[in-house]
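Architecture at a glance
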Amino acid sequence: MKKGFVSNMERCIGCNACVIACKQYHGLEPEMKRRKVREMDENIVGQPVRAYLSASCQHCDEPACMKACPTGAYSKREDGVVLHNAEVCIGCRMCQWACPYEAPTFNPVTKKMDKCDFCRERIDAGEQPFCVAGCPMEALEMVDMDEINESDYVSEVKGFVDPSITGANLRVKLPAAVRQVRR
Amino acid sequence: MKKEHEITRRTFLKGSAAAGLLAGIGGATLSDFSKATARAEGETQEFFNACPRNCYDTCSIITTVQDGVIKHVRGNPNSTYTNGRLCVKGYNYPRRVYSPDRIKYPMRQSAKGSGQWEQITWDEAFTIIAEKILEIKNKYGNTLPICLNKYSGNFNVLTYGIEGMMSSIGHTTRCQGTPCWPAGIDSQNFDMGAILNADPESMLKSKMIIVWGANPAWCSVHSMHIIQKAKENGAKVVFIDPIMTASASKADQFIEIKSSTDGALALGMCRYILDHKLQDDAWMEENSIGHEEFVDYVKKNITVEWASEKTGVPVQVIENLAYEYATMEPASIWIGYGMQRHTNGGANVRCIDALAALCGNVGKMGAGANYAQLDSWLFNYAAMTGNGANTDNVEADRNININNFGADLLSLTDPPVEMLWVACRNPMGQDPETGVVRKAYESCDLVVTVDQFFNESCNMSDIVLPCCTIFETWGLHASYWHYWYHGNQPAIAQMYESKTDVEIAMGLSEKLNSLQAGSCTYPTDRTMEEWCAMEMTDGAKELFGFKDWKEIFEKGTAKVTGYEAAWSDGQFRTPSGKYEFYSEQAAAMGNHLLPVYREADETKTDEYNVRLITPHWKYGLHSQFQNLDWMQDIHNEPFVEIHPQMAKDRGIEDGDAVRVENEIGYLVVKAKLTQNVPRDEAVIYEAWYKDNPFNVNYVVKAIPADMGVFATGQPGVSFHDSFVSIKKA
């Protein structure tokens, strides 16, 4: 069992509903985000389209945050979920700088870091993470990386971080090409 | 309902007794009192709310509340349309309710636009307003100098209390019409006798879906989900639009059309269909009148080559599209509001309607020329009803065009407008010709605005009154697209000193009568719950199988059924009872009898030669939501989308400041270069950015659309027919 996300660019409309769904569910401060939607190169599939990639913490096999943290605030569960322990965090931001995805975010109120925990209470209770459950396009999926068919997805996306650096548990479906008639 | 599992135990209450008791509002509901009163600290409750924005999707929301505070919201899975998921705007509601920017108290400004505000009490506010109303009545013998500009910022049926209050004072000046969709409404009224779209969930039954001038990814995300699902199930999805939108990016095929030429494309398709005998003669014979005349018009006047020249769409593409549309049955067309915001928008919608009817693609499951509907608005409009004091010297309200509000108001002299009441609207931000609207505001002695945030209209008001959110009151809500009917209950106590529109109406009525007995007949003694109880029609209760309206809170929502296919009974609501290719009603309103091509009245000049399209923005609905700090954290800078070729010709690079200008104004905005817009047209999304002077309506002219008067009293507005120059600033 190794938890990961699938981000389906074929369905994603770049609306940021996942970002705000997460923010309100976890009661984050206004300037905090546990997930980001990136606007990708419009020529990603040949002819121009509007393309977006939603990504949060990738719950990497080799988490850069964990290596960089001087106080041992990060841990990795058996199911792969990377957790951050605010109790021992000193808010030094080393994890934020180390993470190629800039997944850890600074909480300006507690002066500590914050990060996607895969909605651990929800998944432990058999529910979907709120971003997955809340996406109006059903463009996000929680998957068991050991079970997926790798050929259904890509792991590298032009303009996004090379996932092999940290063993990111994110797989992506690229947008489908659109037959276009332009003036 | 599926129960959520979290650290805290959640108790699902059907009603809102607990919150009501805690907050001292509302009364007993269907819910179990013992359960409510036994609620332990930290325990959560859930309530049903409904998003009241002017939106296709009008979602039923489940609100989780802990200790009287909203923790989070999610979509109500009981509505198969909302599907348990909200849009980006909907997920912002917890922040909207608790935003530090919310208007908390009645406020008075020393002079419009001065920024010199002082907090006043509700009693002071009501006194100032009531004294002005009575002064007007004494001076003129009527209340026509009071103008009401109210529309769609909140579509809870109870917000119509403001109309009810005005009607209870006497006759007033009303902003009539609708900026959104009137040209298309007229078209469908002429053709079919009403607007009546098929249940959008039926698109799953379509073999082909053509989305014509709509951007559901941003403006109706739950329909976009349905379309995407249909596509993944094998339906062919085609988007026709001048812009490669986020929606069109999901299509099988995107056809870029020259703006405002949609009717030519539809007619070109009709010609191909007729030439290849793909039309449904039997359907037309049985269900329509005037088809011979229409066929004759197309054969004599239209060629595919002509259509290609008009639209910029190659002949081969038009032919293929026509062939597929006529043969992939059932095929659904979604006619967007964007494509009718032109000087020929209504005529274009009629051409598309005719295309659907020609192929018999009307009245069948998964088919239709789908635009909008109002059949599910099963309300009594009790709050809206007012029986005037009948003490004035005029017979009727005086109507002005909501789409030319500024100029129309300024033109009134007998009597002039002295007092303006604005609710559920932001004319200073959203109306075309901002400069003229400003003058209209300045011309009024007293401008009263009811709102939640200090937007451009508040800035030009004398008195601003705070209204509460849907989470703080009762309500019933319907969509003009899907067929779900929602209940809304108070999840939390009313915030600060905010009131509902009906409470404001009642408060003002009380003050008026205390100053002059009998001067306002609006009731003053009902609770919001009692008002809400009056709104659900007996027909709705019967349809839903309810004995009591509050049974809506069993699931939060109920579906108005029977519309899986629109017009399946063949009973069109036209004078002939048939589909009318040949419409005498259209002709009586100054339009052509037939769905013919109407040339656009372009205001293009040598200097101002770039068409400016001003569509809706994904992080807001008009001037709502983009101002919230959660949205600002995602995006907070307006921009103009221009094609790299257009930019190159003007020496503009990505990120440059550009000056967008025409005869009526200008704005300076950041350039975003993208190949997703036409080479010869520019796109600026309309929105209100807090603390930013940006407003695209400084360059949008109040040009009337060709239709709208028949069904809505006033023509639509051609939002996408303004032309500008674009230069590096």
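Here's a quick rundown of the structure. Not measured: the values here are computed from a predicted model. (Residues numbered from 1 in each chain as written. Chains lettered and ligands numbered in written order. Predicted model: local features only at pLDDT ≥ 70, side-chain atom pairs only at ≥ 80, totals over all residues. Heavy atoms only, no water.)

Within chain A one finds five helices and 10 strands. Along the first, second and third principal axes, the C-alpha set of chain A runs to 60 × 35 × 30 Å. For chain A, the residues scored as buried account for 59% of the 183 residues in total. Expressed as a percentage of contacts within chain A between residues at least 6 apart in sequence, the contacts between residues at least 24 apart total 61%. Roughly 7,400 Å² of accessible area belongs to chain A as shown, and the carbon and sulfur atoms make up 47% of that amount. (Helix = DSSP H or I, 4+ residues; strand = E, 2+ residues; numbered from the N terminus. Buried < 20%, exposed > 50% of the residue type's maximum accessible area, 1.4 Å probe, protein only. Contact = heavy atoms within 4.5 Å. Areas by Shrake-Rupley, 256 points an atom, 1.4 Å probe, with all protein chains shown as cover.)

Right, let's get into the packing of aromatic side chains. All names here are of chain B. Counted according to the given criterion, the structure contains 46 aromatic pairs over all chains. Ring centres 5.3 Å apart and planes at 65 degrees place the aromatic pair Tyr93 and Phe471 in the edge-to-face group. One end of the pair, Tyr93, is in helix H3 (residues 93-98); the other, Phe471, is in the loop between strand E18 (463-466) and strand E19 (475-478), with 378 residues separating them in the sequence. Phe471 matches Tyr93 in its accessibility class, with the two residues each being buried. Considering the side-chain rings of Phe379 and Tyr485, the 5.3 Å spacing of their centres and the 35 degrees angle between planes classify their relative orientation as tilted. (Phe/Tyr/Trp six-rings, centres within 6.5 Å; stacked < 30°, edge-to-face > 60°.)

Listed as interface residues are 47 residues of chain A and, on the opposing side, 66 residues of chain B. Carbon and sulfur atoms make up 48% of the area that chain A and chain B hide from each other, which totals about 4,600 Å². Looking at the side of chain A facing chain B, the largest losses of area belong to Arg50(A), Val181(A) and Arg183(A), adding up to 21% of the total buried there. Asp633(B) is the partner of Lys23(A) in a salt bridge, and the nearest nitrogen-oxygen pair spans 3.0 Å. Elements that contribute at least two residues to the side of chain A that touches chain B include exactly helix H1 (17-25), helix H4 (120-124), helix H5 (130-134) and strand E10 (179-181) of chain A. In terms of residue count, H1(A) provides more of the side of chain A that touches chain B than any other element does, seven residues in total. When its residues are assigned to classes, the side of chain A that touches chain B shows 26 nonpolar, six polar and 15 charged. By the bridge criterion, three bridges tie E10(A) to strand E11 (residues 253-256) of chain B in an arrangement that is parallel. Across the sheet, Val181(A) pairs through a bridge with Ile255(B), a residue of E11(B). (Buried area = accessible area lost by both parts, 1.4 Å probe. Salt bridge = Lys/Arg side-chain N within 4 Å of Asp/Glu carboxyl O. Nonpolar A, V, L, I, M, F, W, Y, C, P; charged D, E, K, R; others polar. Pairing = 2+ DSSP bridges.)

Let's shift gears to a negative patch on the surface. Residues and elements named next belong to chain B. Judged by side-chain charge, Asp281, Glu285, Glu292 and Glu293 come together as a negatively charged surface patch. Mapped by element, the contributors of at least two residues to the negative patch are helix H10 (281-287) and helix H11 (291-301). Inspection of the secondary structure assignment puts Glu292 in helix H11. (Patch = residues over 30% accessible without salt bridge, like charges linked within 9 Å, V, L, I, M, F, W, Y side chains within 5 Å. Lys, Arg positive; Asp, Glu negative; His and termini not counted. Charge placed at Lys NZ, Arg CZ, Asp CG, Glu CD.)

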